[in-house]
Amino acid sequence: MVNDYKKHDLYGRTLIQKIKLTPPFKFDFPVTEQACFLYVKEGDVNYLIDDEKLNVATNYSLLVNCMNSGKQIENSKPDSNCEIVIVTFYPEILKKIYDRGLPLLLKKPENLISNKSIEKINNDFLIQKYIEGLLFYFENPSLINEDILVLKVKEIILLLSQTQNSESIQLVLSQLFSPAAYTFRQIIEANLFSQLTIEELAQQNNLSVSSFKREFSKMYNDTPANYIKTKKLEKAAELLQVSNQRITEIAFDCGFNDLANFTKSFTSKYNVSPTNYRQKLEDKK
């Protein structure tokens, strides 16, 4: 249930909203062609992803690129009032206020294939102070004007670019200008030799972990962990054969961040250590 709702518009579009809600409630995000920065000022909310829930607690934030319909937050706890602040990013408004060129955070990262559309942002002191500034204008609406709203958009873009999540945030926001429509297989193949976890691969596909594993099993007839490890080891064996790279470098290039783990996995698959594998190949020449 919505107890209190206030908003400020920029160029005829709803830019900033402050909403107080009493559980149980369900709140629908806008759909398509915009992104939302949602800050939980009080209480907590659950963001629904397939069959899982992502909890966002007080002073935490959520950045959502609303590419698809059905995005929703909810809270069913009794006696736990919630207050949220939402800043909405519209491509046309961002292009207008950044008329001399979009900042890096809004530009598509190079060599990254992902449909990621959500990022949870941890408790950040500077973002807390930013929200306090927005609340001041909700309490004093006569002081708000177009120039201040433009500055507030630029300020949150700058703050998001300085968080520890900046790379993931860039993935989410850049899709406002370079919409991604990658297939499940494209994302898997592009990230085979990265050090992404199964959870992170699921995020790149906009799926919960359980849905990701089900989809992977249907497509590859294998588990993600086993298939990806096998491909990494096959690439390592190829590099041992055709390159003079150090074994440590090969392990890293194939997505292993631990040499001992790489050696153990390689030996288990090929019944010989990486060093001896390379030596046997050289002896045959």
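Scope of this entry: the structure provided in the associated data block. Residue positions are given per chain, counted from 1 along the sequence in the order it is written. Predicted model: local features are reported for residues with pLDDT of at least 70 only, side-chain atom pairs are reported and counted for 80 or more only, and whole-chain, interface and lining totals are derived from all residues. Derived side-chain values reflect all non-hydrogen atoms in the structure, with water molecules and hydrogen atoms excluded from consideration.

Right, let's talk about the nonpolar core for a bit. Put simply, buried Ala, Val, Leu, Ile, Met, Phe, Trp, Tyr and Cys residues joined by side-chain atoms within 4.5 Å make one nonpolar core. Each residue is placed in one exposure class: buried if its accessible area under a 1.4 Å probe, protein chains only, is under 20% of its type's maximum, exposed if it is over 50%, and partly exposed if it falls in between. Counting 36 residues, the largest nonpolar core has Phe 37, Phe 89, Leu 94, Ile 131, Leu 160 and Leu 173 as its most contacted members. Counting from the N terminus, the helices are the DSSP runs of H or I reaching at least four residues and the strands are the DSSP runs of E reaching at least two. Of all the elements in the fold, those that place two or more residues in this core are β2 (13–21), β4 (35–42), β9 (82–89), α1 (91–97), α2 (125–139), α3 (146–161) and α4 (166–174). Sorting elements by how many residues they give to this core places α3 first, with seven residues. Aside from chain neighbours lying at most four places away, what touches Phe 37 is Ser 61, Leu 62, Leu 63, Val 85, Ile 86, Val 87, Phe 89, Ile 121, Ile 127, Ile 131, Ile 156 and Leu 160. Val 45, Leu 62, Ile 73 and Ile 118 belong to the second-largest nonpolar core, a separate cluster that totals 18 residues. By definition in these notes, contact holds between two residues if any of their heavy atoms fall within 4.5 Å.

On to helix α10 (residues 259–270). One turn of the α-helix equals 3.6 residues, which is why residues spaced by three or four share an orientation. To estimate the expected span of a helix, subtract one from its residue number and multiply by 1.5 Å. Compared with the 16 Å implied by 1.5 Å per residue over 12 residues, the 16 Å span of α10 between its first and last C-alpha is a close match. Phe 262, Ser 265 and Phe 266 are the residues of α10 that are buried. The buried residues of α10 all sit within an arc of 100° when viewed along its axis, so they share a single face. Turned more than 90 degrees away from the buried face of α10 sit Ala 260, Lys 264 and Ser 268, all of them exposed. On its buried face, α10 sits against α8 (224–242), α9 (247–253) and α11 (274–284). Nitrogen and oxygen atoms within 3.5 Å of one another constitute a polar contact, given that in protein one can donate a hydrogen and the other can accept it, and given that sequence-neighbouring residues count only through two side-chain atoms. Between the side-chain oxygen of the N-cap and the backbone nitrogen of Ala 260 there are 3.2 Å, and the N-cap of α10 in question is Asp 258. Once α10 finishes, Asn 271 follows within two positions and takes phi at roughly 60°, a positive value. Relevant arc is that of directions from the helix axis to the C-beta atoms, nothing else.

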